[in-house]
Amino acid sequence: MLTVYEKPTCTTCRKLVKLLREQGVSFERLNYFVEPLPREKLVSLIGRTGLPVRDFLRTREKVFKELGLKDPSLSDEALIDAIMEHPELLQRPIVERGKRVVLARPVEKVLELL
């Protein structure tokens with residue numbers, strides 16, 4: 001079973017849902033704006049992708065600039081703190097299947113989990 005962590009109004013998230021339906025894959029959708037991810041879950045998801053925390057920041061968000069998150073000296077903990085405080089900063093969609101996780105950008109990355 002796949003779990004998709006998303007924002008339903010996000011264009012990329014909608015493209016992912018369409019792709020999964022076309023593939024005939026059953027999945028669960030979790031809107032992390034309605035059901036916020038616990039810190040431990042967020043850290044786990046990011047860690048299992050093998051990507052740096054910084055890859056999960058939406059750099060075009062206004063709050064990204066306001067908080068000075070471009071600063072390379074900021075720790076992963078500080079970046080996670082910012083995402084926890086401002087969920088709009090979290091890059092999406094994130095897809096989990098068992099122990100494997102991908103940041104589905106582009107959406108075809110999800111095919112690695114099928």
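Structural data are supplied above this passage.
A few points on the structure.

The rules behind these values
- Residues numbered from 1 in each chain as written.
- Predicted model: local features only at pLDDT ≥ 70, side-chain atom pairs only at ≥ 80, totals over all residues.
- Heavy atoms only, no water.
- Helix = DSSP H or I, 4+ residues; strand = E, 2+ residues; numbered from the N terminus.
- Buried < 20%, exposed > 50% of the residue type's maximum accessible area, 1.4 Å probe, protein only.
- Pairing = 2+ DSSP bridges.
- Axes fitted to C-alpha atoms, helices over the stretch in contact; angles between N-to-C directions.
- Contact = heavy atoms within 4.5 Å.
- Salt bridge = Lys/Arg side-chain N within 4 Å of Asp/Glu carboxyl O.
- Phe/Tyr/Trp six-rings, centres within 6.5 Å; stacked < 30°, edge-to-face > 60°.
- Lys NZ or Arg CZ within 6 Å of the ring centre and 35° of its normal.

Digging into the environment of Pro106
Move 1: Within the secondary structure, Pro106 is located in the segment after strand S4 (100–103).
Move 2: Accessibility expressed as a relative area gives 52% for Pro106, which makes it exposed.
Move 3: Linking Pro106 and Pro93, residues 13 residues apart in sequence, is a C-alpha distance of 9.4 Å.

As for the sheet that holds strand S2 (residues 27–31)
Move 1: Within the open sheet, the four strands sit side by side as S2-S1-S3-S4. Their pairing is mixed. A strand with exactly one partner marks an edge of an open sheet, and here the two such strands are S2 and S4. Neighbouring strand axes in the sheet, compared pairwise and without regard to direction, differ in orientation by 20° on average.
Move 2: Taken together, the five bridges between strand S1 (residues 2–6) and S2 define a ladder with parallel strand orientation. Bridge pairing in S2 links Leu2 to Phe27.
Move 3: The sheet contacts of helix H2 (residues 39–49) involve S1, strand S3 (94–97) and S4, and relative to S4 the element is tilted by about 85°.

Points about the pattern of salt bridges
Move 1: The tally for this structure, following the rule as stated, stands at nine salt bridges.
Move 2: Of the charged contacts, one joins Arg48 and Glu96 as a salt bridge, the two residues approaching to 2.6 Å between their closest N and O atoms. Highlighted residues: Arg48 in helix H2 and Glu96 in strand S3, separated in sequence by 48 residues.
Move 3: A relative accessible area of 28% places Arg48 in the partly exposed class.
Move 4: When salt bridges with common partners are traced through the structure, they connect Arg39, Glu77 and Asp81 into a single cluster.

Describing the packing of aromatic side chains
The geometry of an aromatic ring pair is captured by the separation of the ring centres together with the interplanar angle, meaning the angle of the planes.
Move 1: Inspection of every chain in the model, using the stated rule, returns one aromatic pair.
Move 2: The ring of Phe33 carries Lys7 above its face, with NZ or CZ at 5.0 Å from the centroid.

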